[in-house]
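Spelled out, the chains give:
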Amino acid sequence: MMQNVTFTACGNTLDTVEESSGTRPTLIDGIEETQAGIARIIALQEQGWSYLSP
């Protein structure tokens, strides 16, 4: 975050974790949440961003 990196959490994944554990994960300040992470990835790719996987 200190180098202008944006982090986005998948709301669907957070919902799944909450259903299985009974507790929704707490996000640290500055983390954005989107309902569907894959939709966010696709939208960014359409804007010219690239997806890299380790």
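Heads up: these notes are all about the structure in this document. Since the structure is predicted, the reported quantities are computational estimates derived from the model, not experimental observations.

Here we take up the layout of surface pockets. Using a probe with the size of a water molecule, rolled over the atoms, empty space left in the structure can be pinpointed. Taken as a whole, the largest pocket spans an internal volume of roughly 470 Å³. Sorting the residues of the lining of the largest pocket by element identifies strand 1 (8-10) and helix 2 (37-46) as the ones contributing at least two each. Ranked by residues supplied to the lining of the largest pocket, first place goes to helix 2 with five residues. Split by residue class, the lining of the largest pocket holds nine nonpolar, seven polar and one charged.

It is generally the case that most residues other than glycine have a negative phi and that most peptide bonds are trans. Positive phi outside glycine occurs at N4, with the angle close to 60°. Locating N4 in the fold gives a position in the segment before strand 1. A relative accessible area of 76% means that N4 is categorised as exposed.

Now for the pattern of salt bridges. Within this structure, the stated rule accounts for four salt bridges. Salt-bridge contacts for R24 lead to D15; the nearest nitrogen and oxygen are separated by 2.6 Å. We classify D15 as partly exposed; its relative accessible area is 27%. Each of D15, E18, R24 and E33 takes part in one network of salt bridges that share partners.

What counts, and where the lines are drawn
Residues numbered from 1 in each chain as written. Predicted model: local features only at pLDDT ≥ 70, side-chain atom pairs only at ≥ 80, totals over all residues. Heavy atoms only, no water. 1 Å grid on protein atoms, 1.4 Å probe; cavity = no way out; pocket = protein on both sides within 12 Å on 5 of 7 lines; lining within 4 Å. Points joined across faces, edges and corners; volume = space filled by probe spheres on them. Helix = DSSP H or I, 4+ residues; strand = E, 2+ residues; numbered from the N terminus. Nonpolar A, V, L, I, M, F, W, Y, C, P; charged D, E, K, R; others polar. Buried < 20%, exposed > 50% of the residue type's maximum accessible area, 1.4 Å probe, protein only. Salt bridge = Lys/Arg side-chain N within 4 Å of Asp/Glu carboxyl O.

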